[in-house]
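Single-letter residue listing:
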Amino acid sequence: MFVFAKHNEFLPFSNLQINLIFKLKMSLSDFFTPVDIEKIIPKKGYYTCQLGNKIEYFSVDFPDLEQKIDIAIIGVQEDRNAINNSGCALAPDYIREKLYQLNEGNYNTKIIDLGNIRQGATVTDTYIALKTVINELVKKDIIPVILGGGQDLTYAQYMAYETLEQKVDLVIVDSHFDLDDDDKGADTIETTSASYLNKIFLHEPNYLFNYSNLGYQTYFASQESLRVMDKLYFDVHRLGELIGNIAVTEPIIRNASMISFDIGAIRSADAVGNANASPNGFYGEEACQVARYAGFNDKLSSIGFYEFNPAYDSNGQTAMLIAQMVWYFIDGVYNRKRDFPLNPKSQYLIYKTSLKHEEHELVFVKSKKSDRWWMQVPYPAGGSKNERFHLVPCQYDDYKTAVSGEMPDLWWRTYQKLS
């Protein structure tokens, strides 16, 4: 069916070939090129405690997806629409080289590395391949960790949820909103790293429930875009709010179904491997903490790390930082508390408080297991046939605001989105 090139490399695939794969019930392996382990393995090999000895990678035989797997690493060699950052398609193997050298944590990892999704004949073909792979993995309760590639791949990551019949809460870590005018046209799914968010917002059918941005920098955001975010009741958080106070990102991240992390959101002193790197941004340790919060999130089912460009890296430092971020994500996954309310109810404390004029009674839920908080927001009349309220992750400070008699802003914005 497929023609092989020299050195066991696949030729670019087309949309037609993708359809044939599933009509003929062929393997997902047809999308991937194997990991070239000889390029990344140290001269002395790996120690038994290192991830290079723990991760099952696609080298000769494609991993069996029917076995018990928690996490799947996916490289994507696509940068044709990465604005001003050509070369980021080479990122996956540079990150792998560093990741495989890190030691396993205090748990038994069940991780596979599927290799790299090669460039399709068109960018659209790459999107469809990535969308198909993520969709299949999520349906098997396997968390895809995507190593890109341009951040336009976020759109393919988002489209993977279209047939899963669930609303998506999207968190993007980025210094920009990526809402530029899309010159690709409405008749194609193709987009760019500077405009993919427009595609997501306008996608039909609409299954986006909430969008949150972490770390935007005001001089990179137009006032018009800020007004759009406010009008749509989206959660956007300036870098200045979060630097030195990274713990406030935890409930925002805990609400995410999927996360897209632009490496350009990290300050250039800590992550120079990006053609669009900026002097200001998150510190490296803060980026690792964000990744760990993402891993902790029981609800999160995919994460992507995009826009790393090895051509601009210095002594492999950015590749090592991203590898450490992936390590912290893995560590978070294996330390999940699995305490999303409310089962069993004996594991939670219920707090009720009234506002100053007693027009509303606000209900908060606290997990005894993790001390994390949620807030109940009632569905408007006719809003949901099956549930009376929506649980949204919150901070203890939201509870204190309600105790003081004030309406937490998070409650109001969530209620508006439920309307």
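For the structure given in this document, a descriptive report is provided here.

About the criteria used
Residues numbered from 1 in each chain as written. Predicted model: local features only at pLDDT ≥ 70, side-chain atom pairs only at ≥ 80, totals over all residues. Heavy atoms only, no water. Axes fitted to C-alpha atoms, helices over the stretch in contact; angles between N-to-C directions. Helix = DSSP H or I, 4+ residues; strand = E, 2+ residues; numbered from the N terminus. Parallel < 35°, antiparallel > 145°, perpendicular 65-115°, else oblique. Left-handed = near helix turned anticlockwise from the far one by under 90°. Contact = heavy atoms within 4.5 Å. Salt bridge = Lys/Arg side-chain N within 4 Å of Asp/Glu carboxyl O. Buried < 20%, exposed > 50% of the residue type's maximum accessible area, 1.4 Å probe, protein only. Arc of directions from axis to C-beta.

Looking at the packing of helix α10 (residues 284-296) against helix α11 (residues 317-333)
One can describe the packing of α10 onto α11 by two numbers: an axis separation of 7 Å at closest approach and a directional angle of 30 degrees. When the axes of α10 and α11 are compared, the pair comes out roughly parallel. The two elements α10 and α11 cross, and the hand of that crossing is right-handed. Every residue of α11 that contacts α10 at Gly284, Ala287, Cys288, Ala291, Arg292, Ala294, Gly295 and Phe296 is listed here: Leu321, Gln324, Met325, Tyr328, Phe329, Asp331, Gly332 and Val333.

As for the pattern of salt bridges
Counted according to the given criterion, the structure contains 20 salt bridges. A salt bridge links Lys417 to Asp235; the shortest N-O distance between them is 3.9 Å. Taken together, the residues Lys417 in helix α13 (residues 409-418) and Asp235 in strand β8 (residues 235-238) connect sequence positions 182 residues apart. This pair shows no difference in class: Lys417 is buried, exactly as Asp235 is. Here Asp371 ties to Lys366 by a salt bridge, and the two come within 4.0 Å at their closest N and O atoms. The class of Asp371 is partly exposed, set by a relative accessible area of 48%. Several salt bridges share partner residues, and in doing so they unite Glu250, Arg254, Asp298, Asp339 and Arg372 into one network.

With respect to helix α12 (residues 396-403)
Buried residues of α12: Asp398, Tyr399 and Ala402, and no others. Along the long axis of α12, the arc covered by the buried residues comes to 100 degrees, so they all point the same way. Buried positions along α12 lie against β11 (348-354), β12 (361-367), β13 (373-378), β14 (389-394) and α13. Of the residues trailing α12, Gly405 is marked for its positive phi of about 100 degrees.

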